[in-house]
Amino acid sequence: MIQFQHPEDREFFANLLTGGDQEKLEKEFSDCFDFRHPAIKRWEFNKIKRKLLKELILKHGGKCQLRIHLDCSKDGKFEPDHIIPLSTNELNKKLRHMARTSSEKVPSQSFGSNDIKNLLLSCKRCNAYKKHKLIMPNGANPK
Ligand SMILES: [Zn+2]
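Note that the structure is predicted; figures quoted are calculated from it, not measured.

Basis of the calculations
- Residues numbered from 1 in each chain as written.
- Predicted model: local features only at pLDDT ≥ 70, side-chain atom pairs only at ≥ 80, totals over all residues.
- Heavy atoms only, no water.
- Core = buried A, V, L, I, M, F, W, Y, C linked by side-chain atoms within 4.5 Å.
- Buried < 20%, exposed > 50% of the residue type's maximum accessible area, 1.4 Å probe, protein only.
- Helix = DSSP H or I, 4+ residues; strand = E, 2+ residues; numbered from the N terminus.
- Contact = heavy atoms within 4.5 Å.
- Salt bridge = Lys/Arg side-chain N within 4 Å of Asp/Glu carboxyl O.
- Donors = N, O, S within 2.8 Å, 3.2 Å for Na, K, Ca; no water.
- Tetrahedral: all angles 85-135°; square planar, octahedral: opposite > 155°, others 65-115°.
- Polar contact = N/O pair within 3.5 Å; in protein donor to acceptor, adjacent residues only side chain to side chain.
- Phe/Tyr/Trp six-rings, centres within 6.5 Å; stacked < 30°, edge-to-face > 60°.

A. Molecular detail of the nonpolar core. Within the largest apolar cluster, 13 residues are counted, with the highest numbers of intra-cluster contacts made by Phe-4, Phe-13, Leu-17, Leu-25, Phe-33, Ile-84 and Phe-111. Those elements that place two or more of their residues in this core are helix 1 (7–18) and helix 2 (22–29). A total of 4 residues in this core trace back to one element, the largest contributor, which is helix 1. The contacts of Leu-25, once residues within four sequence positions are left out, are Ile-2, Phe-4, Arg-10, Phe-13, Ala-14, Leu-17, Thr-18, Ser-30 and Phe-33. Counting residues in each nonpolar core, the second largest holds 12 residues, with Phe-45, Leu-56, Leu-120 and Leu-121 among its members.

In structure tokens:
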């Protein structure tokens, strides 16, 4: 079982990735989650980033999978991008209505993995534009 912190998190990702099918989420997306501390995941990601980029360029023929920025692919620079972010506070905001205070931001949760299934090829512009938002590119759902 994917070890979600809250049952509503499971529901959220099922809605986002499998049209609400929690069984399918377990079957097809378990590799896409890694709940360890984001700093560890980021450190591991930086070590394998170049190798992953090469694999993704081969897999997607050097085309940006996001295509959300007006100047998509303009400078021809690409990077691997996490479909499910390594960490995000969006669920705390959206599902649990936590709000930032004057001194503290809404805390983030750890979600995404560095598995190739959780990565897509993004141009630098789209990646910068997306930041930590949860945007599902068309046809980029891992199988
Ligand atoms: Zn792009």
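Past the structure itself, the notes keep going.
B. Region of the structure containing the pattern of salt bridges. Taken as a whole and assessed by the stated rule, the structure comprises 13 salt bridges. For the salt bridge of Asp-31 with Lys-117, the shortest nitrogen-to-oxygen distance reads 2.5 Å. Of this pair, Asp-31 sits in the loop between helix 2 and helix 3 (38–60) while Lys-117 sits in the loop between strand 3 (109–110) and strand 4 (119–123), placing them 86 residues apart in sequence. Look at the salt bridges and you will find they share partners, linking Asp-71, Lys-74, Asp-75 and Arg-125 into a network.

C. Broad picture of the coordination of the zinc ion. For the zinc ion, every protein donor is listed as Cys-64 (SG), Cys-72 (SG), Cys-123 (SG) and Cys-126 (SG), and the spread of their distances is 2.3 to 2.4 Å. What the 4 donor atoms of the zinc ion show is an angle range of 101 to 116° at the metal, which sorts the shape as tetrahedral. Every donor residue of the zinc ion comes from the same chain, spaced as C-x7-C-x50-C-x2-C. Residue Cys-123 shares its accessibility class with Cys-126, and that shared class is buried.

D. The pairing of strand 4, seen in detail. The buried count for strand 4 comes to 5 of 5 residues, which makes it a mostly enclosed element. With burial as the criterion, each face of strand 4 is covered, one bearing Leu-119, Leu-121 and Cys-123 and the other bearing Leu-120 and Ser-122.

E. Spotlight on the side chain of His-82. As for its placement among the helices and strands, His-82 is situated in strand 1 (residues 78–82). Since its relative accessible area comes to 9%, His-82 is described here as buried. Among the polar contacts made by the side chain of His-82, one reaches the side chain of Asn-114 at a distance of 2.7 Å.

F. Quick look at the packing of aromatic side chains. Scanning the model with the defined rule gives 8 aromatic pairs in all. With 6.3 Å between their ring centres and 70° between their planes, Phe-35 and Phe-111 make a pair best called edge-to-face. Of this pair, Phe-35 sits in the loop between helix 2 and helix 3 while Phe-111 sits in the loop between strand 3 and strand 4, and the two are 76 residues apart along the sequence. Relative accessible area serves as the criterion here: at 1%, Phe-111 is assigned to the buried category. Pairwise contacts between aromatic rings join Phe-4, Phe-12, Phe-13, Phe-33, Phe-35 and Phe-111 into one cluster.

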